[in-house]
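# Descriptive analysis of the structure
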Amino acid sequence: MLSPLVLVLVNSVLPLSASAPLTLLPSSKGRCMDGTPPGYYYAPATAPASTNNWIIELEGGGDCATQDSCESKLKSPLGSSKFFPKTHDYGFFLQDVNKPLNFSTWNRVFIPYCSQDVWTGQVTQPSNDTWGIYFAGHLIFTDVLDQLEMEKNSISTAKNIILTGESAGGIGTWPNLDYLAKRYSGARTVGAPIAGFYFYAYPYTGPGHTSSKLANFSKDAWPSHYKLWQSFVDETCAQNIPPWDCILSNNSYPYIDSEVFITESGVDQVVTLYHDWVPDQDPHWSSEVLAYFTEWHHNMTVGLTPAMSTSSKNGVFCPACYIHTTFGLDGPTINGLNYYDAFAQWFYTGTVTKLFDTCGILCNPTCH
């Protein structure tokens, strides 16, 4: 539980959309896919009580594991810092400064995603095997930490750190979380992945099925992804199971020591459409697709069962929706709480917060 002495000051108002400038890292050992320097956006704490409190957000934006797919990202901010915006407007965990439990005055760091390796890559010398492309997401993350240690409010003295991200950024939260916690052992470090709890893909093969538009997430594909990206994974996990299996949280979860609050849709829209071959029939789903969704939801239920256990310190927010990352103050809600309030309650008060819809699939009326 967070000490009352470091609760943020609600009366120190930060604009709802706080903007931060881009800082590039020309000497970084990690590079964007095209070799350009990575960067980050940093907004310092705006209240004395928040000086040692940090939120680090890993941007999402898909993944790639084939030459054509990866090369298609090189002319965009997903593969090159040439296209990064000069400023970034913060939103996540900065949504309501009037709430009694909020994070609006904390140090804020947003790291743009230009590696397409779900924040695990460690490629420092591109080769023919990588099509001349860098995959260096983990190295970019550590390089940003190096820089933050030199800030006036050095992250080295942090008391509280929240590592978060959406989609690919949510996936990347898991392999980097315990590394972060060990690096800053004096801080309470927690993970808050949104749409980042993934398991192996078991694609839909019924009428009208499509094909994967993103990387192949089936079980047999992960050794090659791991090799291509030269992935960094959780150390304890890699000591117990094949390291490539540790990239996905459904496999690494038992080995993660840090606290985690999991925000995940009961049926994930992007995963089912672009990894699992489901045709977009929303809202007129065929009986075959609904049967597939039922099995998919069962897999999510099984995957989150350990976190839902009363013996687990972790929190869960899993509405029966068909969304990906569209969690907000206006919904979806479970038992009257949105994800933001559920997380804040869990983080600040230590309240056991395990919210999982039991109505079935696609049945929460507050979904977007």
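In what follows, the structure referred to is the one given above.
Everything numeric in this text was worked out from a predicted model, so none of it was measured.

With that out of the way, let us pick up the pairing of strand β8 (residues 259–263). β8 sits mainly inside the fold: four of its five residues count as buried. With three bridges connecting them, strand β7 (residues 188–194) and β8 associate as parallel partners. The residue of β8 that forms the bridge with V190 is E259. Bridge analysis of β8 against strand β10 (residues 315–318) gives three bridges, and the strand direction is parallel. In the sheet register, I262 faces β10, and the bridge partner there is V316.

Bringing the pairing of strand β1 (residues 19–24) into the picture now. The pairing of β1 with strand β4 (residues 87–89) spans three bridges and is classified as antiparallel. Bridging across to β4, P21 finds its partner in T87. Bridge count for β1 against strand β2 (residues 39–43) is three bridges, and the pairing is antiparallel. Residue pairing for β2: L22 is matched across the bridge by Y41.

Now for the sheet that holds strand β6 (residues 160–166). Here we have ten strands laid out as an open sheet, ordered β4-β1-β2-β5-β3-β6-β7-β8-β10-β14, and mixed in their pairing. Of all strands in the sheet, those with a lone pairing partner are β4 and β14 (354–356), marking the two edges. Across the sheet, the axes of successive neighbouring strands diverge by a mean angle of 20°, strand direction being ignored. Strands β3 (53–58), β6, β7 and β8 of the sheet are contacted by helix α3 (residues 168–183), whose axis makes an angle of about 155° with β6.

Attention now goes to the side chain of S115. Locating S115 in the fold gives a position in the loop between β5 (107–111) and α2 (137–148). Judged by relative accessible area, S115 falls into the buried class, the value being 0%. A distance of 2.6 Å separates polar atoms of two side chains, one belonging to S115 and the other to D117. Once residues lying within four places of it in the same chain are set aside, the contact partners of S115 are M33, L78, Y134, F135, A136, G137 and I140.

What counts and what doesn't
Residues numbered from 1 in each chain as written. Predicted model: local features only at pLDDT ≥ 70, side-chain atom pairs only at ≥ 80, totals over all residues. Heavy atoms only, no water. Buried < 20%, exposed > 50% of the residue type's maximum accessible area, 1.4 Å probe, protein only. Helix = DSSP H or I, 4+ residues; strand = E, 2+ residues; numbered from the N terminus. Pairing = 2+ DSSP bridges. Axes fitted to C-alpha atoms, helices over the stretch in contact; angles between N-to-C directions. Contact = heavy atoms within 4.5 Å. Polar contact = N/O pair within 3.5 Å; in protein donor to acceptor, adjacent residues only side chain to side chain.

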